[in-house]
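Geometric and topological summary
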Amino acid sequence: MQFTVNIKLSARTLTGTLNGQNRGAADWGWQGLIAHGCHSLVLIIDPRTSQTIQVLERHKANVVKVKWARENYHHSIGSPYSLRLASADTVGKIIVWDVATGAARCEIQEYTKPIQDMEWLWNQDASRDLLLAIHPPNYIVLWNADTGTKLWKKSYAENILSFSFDPFELSNLALLTSEGIVFVSDFSPSKPPSSSGKKVYISSPHSSPAHTKPAATGAKKALNRVKILITNEKPNAESVTLNDCLQLSYLPSKRNHMLLLYPREILILDLEVNQTVGIVAIERTGAPFLQVIPCRQRDALFCLHENGCITLRIRRANSNALALSNEEQDPDQPVQELTYDLRCQCDAIRVTKTVRPFNMVCCPINEHSSALIVSDGRVMLWELKSNLLGPKPYYSYSGSTVSPLYCPVSFCGIPVGTKQKKLPDLSLDNMIGQSIAVGEEQPNVLYQQEVQLKFLLTGLLSGLPLPPFVIRMCPPLTTKNIKNYQPLLAVGTSNGSVLVYHLTSGLVHKELSIHSCEVKGIEWAGLASFLSFATSTPNNLGLVRNELQLVDLPTGRSIAFRGERGNDEPPIEMIKVSHLKQFLAVVFKDKPLELWDIRTCTLLREMTKNFPAITALEWSPTHNLRSLRKKQLAVREAVARQTVGSDAEASNIESPMISLLQEAESKAEISHNISAREHFIFTDNDGQVFHLTVEGNLVKDGARIPPDGSMGTITCLAWKADVLILGDVDGNVNFWDLKARLSRGIPTHRGWIKKIRFAPGKGNLKLLMMFNDGAEVWDTLEVQMVSSIRTGRNVNYKILDIDWCSSDKVVLASDDGCIRVLEIAMKSASYRIDEQDLTDLLWCPYLLLPRSCLVLKAFLLHQPWNGQYSLDIMQIHYSESEEVKLLMLEQLNSISYDIQCLLLDPDFEMLQRCSLVARLFGDESELQFWTVAAHYLYSFSKGKELIQLNAAQESQASPLDICYDTLCEHSYFQRSQIERVNLQEAKRTTYDHTRKCADQLLLLGQTDRAVQLLLETSAENPSYYCDSLKACLVTTITSSGPSQSTIKLVATNMIANGKLAEGVQLLCLIDKAEDACRYLQTYGEWNRAAWLAKVRLNTEECAEVLKRWVDHLCSSQVNQKSKAILILLSLGCFNKVAEMLYSMRYFDRAALFLEASINYGVVEKFYNAVYADYARYLKMLNLQEGAILFATKAGDAGAELLKDLQQSKEDKPVS
């Protein structure tokens, strides 16, 4: 009979509880994987299958930060998909890893203090290797993380705690310092910031004067009165106790907004006016905040609380616009507020002294999953699920009511019909539609489906409990047990439970709660049972409660092995099982030895009081097995004669009878006391060696060997074949060759030898020794050391226990809560992910070779191949080795069933496919491009009425999300800006804020409200006269020629003399916003010019302004071509987009974009060169059919190539 058994044990690390310094070390990357620190290790987790797929070990100190590299660049053979991760520790070392191979790409060390924060630069047009780090106390350093080169360093006046990049503008950076916030506006990869930034102070919400007044109507109202939190003056000592701001972060969902996290509230600041415009407060009984992650796709916040609960808060559609007309406004309530409603929350965890939430990370690709990392090593994976409530009639919601959430009509960027397949839980923006903005007409609700969100626990990873541990590997693999062998490691823990790990997968096989106190030792009694002992803490007399249990692994049943014995006696020091698993020796501290029969759980002998104290004991590996077999055979024959009368009867015995017969045989063997003779040796305090023989229930004394004068007290023994090893308290090892009757003593100079174990396997005489400060592997034949590990020298952990887990692998338990399986060399090394024996298929195309990864992407994008939809790469003409194809097929099979259905759906459009594949690959740059491209290709073709729409699509094609800022449609962008200025106006408290609001209103063309604000200036104010005149000017402006030319002249003079903002305002008053934009651009205010063009100019004028911006972005000194392409998409310049993509050599993106544009009828011109170069790219990938298709489309440009392809197709048979 043929069978296979997988006993390949790869080196791995089983991790446990985290260190307090690991609190901030967690990140969820665009690559789709989670990384988090555990002591000095970095764990890599796949959230889809809840598996630890890599443990990175190279740091010598605790890891404090981990950050995945961004994937915001175009991927090609030269810039492949790769798993890059940066991790930083408490001694200031940063390691950049290639996670797939487990190797360090580079190491960075500048100072020796813990890295406070670090982040990869998100704009990767110029370089994708830049990493910014904070080196305490006050340095920010920009590193090239590929070479480890320092590009520049800058110091600041205060201690920097953390920082946040502005996701809309690379030159903006905010530093959270010990005193406040420093805003840096001239950040550049090429040189350090020249200025020291604009410093603002935060007055803590609890110390602001607003809190001194009694809050009659609860904490919420008091918080609403907190008007100013950001000041340019340093607050006085009485008002500010300490800056207890936990976190600062820019909002990625809207420009110029920032979030400040305090234990009991989240403040949303509008940075244009440095004003709090929203507060999320916790009720008095609620659990305080620990962390918050703002989302990009929707204005939503994932919040982690101190009780381990994750809540999702989504910004409410503006309540005042929807408030009932007859409702009386509360005079104390501010007119408007950014309100974030609690939409769903997950279950809390049980928080104790040692178990508390450490960190939360959120999926950056889909923003619908979060992971909670707990201090005990658990990782809980929570996923948002949407629940459709069906269409409902729309009605007004009062300010206090939470407005409903609706399911978006679009899917993957394109509105879909009701019958079309879609996957609502794909991402947050596919789950819930946009909030309704002020003044927006109510949606056509006929096709709107209300949706509810809930958290679902989709995965849980748990670690080892707190150390100390004892470990014992199950009996080794032999030819006899190969059919049912499993490499199991038993781990005894301090809480009395025994965890049994399966070492090929690294997963817990069984967790057994057996003891009530710390497990001190484990011995296996066979492949399916083990004995474990635990001792309670000693009482005044030094006596303890001993627990010795025999556990049957398949059933989990445990028997108290010593029956009623065990209370108030000296502690058990060790237990040793004989080689044939018949007998057990139990050694006590101050009590004679006990010998037990394991099969019957009976005590054979308790030694007399004057029996010597035992320091070490070992059973002999030699035993008389042949005589045992003869005895067993004789008994079985006798039993058979008694049970069965004749042979004729014997042939009719039914199966129950057979089992009775077998039971009778085994009982008879035990009652006849059939057991092989086994012997053991032990040593006493003087070093004398005693030899005893056990047969049946007889124990006979054997020879005594006098002590060796060169040895101290013997602490451990090991015996295999004819070699006996003795280790003593001074670190001396004695090698006895029993056959040749030779002994040889070797001093190790490492102190007390705590444990010695021989490696398994016939003739394998490797030896593993454990010391107080480490371990060594010796070769007993050569009598020399093979490898060594020493605490403080090459590792920073202390070894608690050792064992062999196979003939060439050792397993070490250490005080950092980890168990490591290592090669004999005992070098702590990370491993290759693809060598791991994972239980579940893992979707991670990054693990494939760069070329295979790009082939897989092209294969998914070009469905259908040969007119057939298929996810079987074997079916297409792709010349590659079978091994590589199987790896790719494994990746395709690991895609979830829902996504496979979408990819094979004929109605799933090409643009949607591109967007979905970008999500699958975690490609930030592609996802942004295809989202904007899908939106504008669809809306421009709809504008030209080139596509047929059904009613549902017609009714609600939502605008592009506001997180795309100036790429949004004019009307939507204008509405959002008016809503924003309304909010600023409602929250203003000082003259400075009022002036800024008036300026914004003038630029937006809201002159009447601007005049009202200007007239509010009090007579004492120095600007009173100026503002009054300005109000008169605004109200009396006429479109007469002379007044216009005068104002224009004044405006240009102002701009020339450094008053750019004032000059621009005057130009906007006389409807010369286009000139204003030109001046702004001349003075480098590109973003401001784009904003003004969007809110004041018509489409054609605005396009001119934005096209100038595109030219600026494409210039060599700015080099932000990816942003320029997105702007061109928003302008509908699709031909220019295709040309630019082609000039940047993005052949794949250019060709697919052209295909989509032609499908939508917005591009008439064929770009043969694009198709020809894409065909060459596909040929380079060995995708023959795709190459032929595009070479054919390329016409003349691809004729030569087509000829070559067809020639090679004829030459090569289909693989």
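These numbers come from a predicted model, not from an experiment.

On to the overall build of the chain. The number of helices and strands found in the chain is 27 helices and 60 strands. Here the chain holds 1215 residues, and the buried ones make up 56% of them. Put simply, the chain shows about 51,400 Å² of open surface, and 51% of that area lies on carbon and sulfur atoms.

Before going further, it helps to examine the packing of aromatic side chains. Considering all chains together, one arrives at 26 aromatic pairs under this definition. Between the aromatic rings of Phe561 and Trp596, the centroid separation amounts to 5.4 Å while the plane-to-plane angle is 50°, which identifies the pairing as tilted. Taken as a pair, Phe561 in the loop between β41 (557–560) and β42 (572–577) and Trp596 in strand β44 (residues 594–597) lie far apart in primary sequence, 35 residues in all. On the numbers, 4.9 Å between centres and 80° between planes, the contact of Phe929 with Trp930 is edge-to-face. The burial state of Phe929 is the same as that of Trp930; both residues are buried. Following the ring pairs from residue to residue traces out a cluster consisting of Phe583, Phe611, Trp619, Phe680, Phe682 and Phe690. One residue, Lys154, lies across the ring of Tyr156, its end atom 5.5 Å from the ring centre. Above the plane of the ring of Phe588 lies Lys591, whose end atom (NZ or CZ) is 4.4 Å from the centre.

Within the secondary structure, Ser806 is located in strand β58 (residues 799–806). Residue classification places Ser806 among the buried positions, given a relative accessible area of 17%. Reaching out from Ser806, the side chain makes a polar contact with the side chain of Asp808 at a distance of 2.9 Å. Engagement of the side chain of Ser806 in a polar contact is seen with the backbone nitrogen of Lys809, the distance being 3.4 Å.

The biggest cluster of nonpolar side chains holds 158 residues, and the ones touching the most others in it are Ile44, Leu85, Leu860, Leu1092 and Phe1153. Of the domains in this structure, domain 1 (14–207 + 228–317 + 336–389) and domain 2 (968–1039) are the two that each give at least three residues to this core. Apart from the residues within four sequence positions on either side, Leu860 is in contact with Trp843, Leu871, Leu892, Ile895, Leu903, Arg913, Val917, Leu920 and Phe921.

The next thing to look at is the sheet that holds strand β6 (residues 63–68). Strand pairing in a sheet relies on backbone hydrogen bonds. The paired strands run either parallel or antiparallel. The 4 strands are arranged β6-β7-β8-β9 in an open sheet whose pairing can be described as antiparallel. The two strands at the open ends of the sheet, each matched to only one other strand, are β6 and β9 (103–109). Neighbour-to-neighbour, the strand axes of this sheet turn through a mean angle of 20°, independent of strand direction. Where strand β8 (residues 93–98) and β9 come together, 6 bridges link them in antiparallel fashion. Residue pairing in the sheet places Ile94 in a bridge with Ile108 of β9.

So, on to the sheet that holds strand β49 (residues 698–705). Spatially, the 4 strands line up as an open sheet ordered β46-β47-β48-β49, and their pairing is antiparallel. The open sheet has two free edges, formed respectively by β46 (616–619) and β49, since each of these has just one partner strand. Adjacent strand axes in the sheet meet at a mean angle of 20°, parallel and antiparallel pairs treated alike. Where strand β47 (residues 678–683) lies against strand β48 (residues 689–695), 6 bridges are found, and the strand directions are antiparallel. When the sheet's bridge partners are listed, Thr683 is paired in β48 with Val689.

The next subject is the confidence of the model for the chain. For the chain, per-residue confidence averages 85 on the pLDDT scale, and residues scoring 70 or more make up 86% of the total. Ignoring residues within four places in sequence, the model shows residues 319–335, a span with pLDDT below 50, making 24 contacts including any to other chains. Across residues 947–955, where pLDDT falls below 50, the model places 18 contacts with residues more than four positions away in sequence or in other chains.

All chains considered together, the criterion is met by 53 salt bridges. Among the ionic pairs, Asp129 bridges to Arg84, the shortest N-O distance being 2.5 Å. Residue Asp129 is found in the loop between β10 (117–120) and β11 (130–135), and its partner Arg84 is found in strand β7 (residues 84–89); the two are separated by 45 residues along the sequence. As far as the burial class goes, Asp129 and Arg84 line up, both buried. We note a salt bridge from Asp341 to Arg316, for which the minimum N-O separation is 2.8 Å. Note that Asp341 is positioned in strand β26 (residues 340–345) and Arg316 in the loop between β25 (310–315) and α2 (319–322), a separation of 25 residues in sequence. Put simply, Arg562, Arg565, Glu569, Lys591, Glu594 and Glu606 are held in one network by salt bridges that share partners.

Trans peptide bonds make up the majority, and among non-glycine residues the majority have a negative phi. Here the amide bond leading from Pro136 into Pro137 is cis, since omega sits at -5°, within 30 degrees of zero. Tracing the chain through its elements places Pro137 in the loop between β11 and β12 (139–144).

Bringing the packing of helix α10 (residues 910–921) against helix α11 (residues 924–943) into the picture now. Running from amino to carboxyl end, α10 crosses α11 at an angle of 160°, the nearest separation of the two axes being 9 Å. Here α10 is positioned roughly antiparallel relative to α11, judged by the angle of their axes. Considering only the axes of α10 and α11, their crossing is left-handed. In contact with Leu911, Cys914, Ser915, Ala918 and Arg919 of α10, α11 contributes Glu926, Leu927, Trp930, Ala934 and Leu937. Broken down by class, the residue content of the contact of α10 with α11 amounts to 7 nonpolar, 1 polar and 2 charged.

In this section: the environment of Ser1143. Position of Ser1143 among the secondary structure elements: in helix α23 (residues 1134–1143). Counting along the chain gives 27 residues from Ser1143 to Val1170, while the straight-line C-alpha distance between them is 9.5 Å.

Viewed as axis vectors pointing N to C, helix α15 (residues 1007–1015) and helix α16 (residues 1024–1036) meet at an angle of 160°, and their least axial separation amounts to 8 Å. In terms of orientation, α15 lies roughly antiparallel with respect to α16. In this structure, α15 meets α16 at a crossing whose hand is left-handed. Mapping the contact onto sequence places Thr1007, Val1011, Leu1014 and Leu1015 in α15 and Asp1027, Lys1030, Ala1031, Val1034 and Thr1035 in α16.

The rules behind the values
Residues numbered from 1 in each chain as written. Predicted model: local features only at pLDDT ≥ 70, side-chain atom pairs only at ≥ 80, totals over all residues. Heavy atoms only, no water. Helix = DSSP H or I, 4+ residues; strand = E, 2+ residues; numbered from the N terminus. Buried < 20%, exposed > 50% of the residue type's maximum accessible area, 1.4 Å probe, protein only. Areas by Shrake-Rupley, 256 points an atom, 1.4 Å probe, with all protein chains shown as cover. Phe/Tyr/Trp six-rings, centres within 6.5 Å; stacked < 30°, edge-to-face > 60°. Lys NZ or Arg CZ within 6 Å of the ring centre and 35° of its normal. Polar contact = N/O pair within 3.5 Å; in protein donor to acceptor, adjacent residues only side chain to side chain. Core = buried A, V, L, I, M, F, W, Y, C linked by side-chain atoms within 4.5 Å. Domains from an automatic or database assignment. Contact = heavy atoms within 4.5 Å. Pairing = 2+ DSSP bridges. Axes fitted to C-alpha atoms, helices over the stretch in contact; angles between N-to-C directions. pLDDT = per-residue confidence, 0-100. Salt bridge = Lys/Arg side-chain N within 4 Å of Asp/Glu carboxyl O. Parallel < 35°, antiparallel > 145°, perpendicular 65-115°, else oblique. Left-handed = near helix turned anticlockwise from the far one by under 90°. Nonpolar A, V, L, I, M, F, W, Y, C, P; charged D, E, K, R; others polar.

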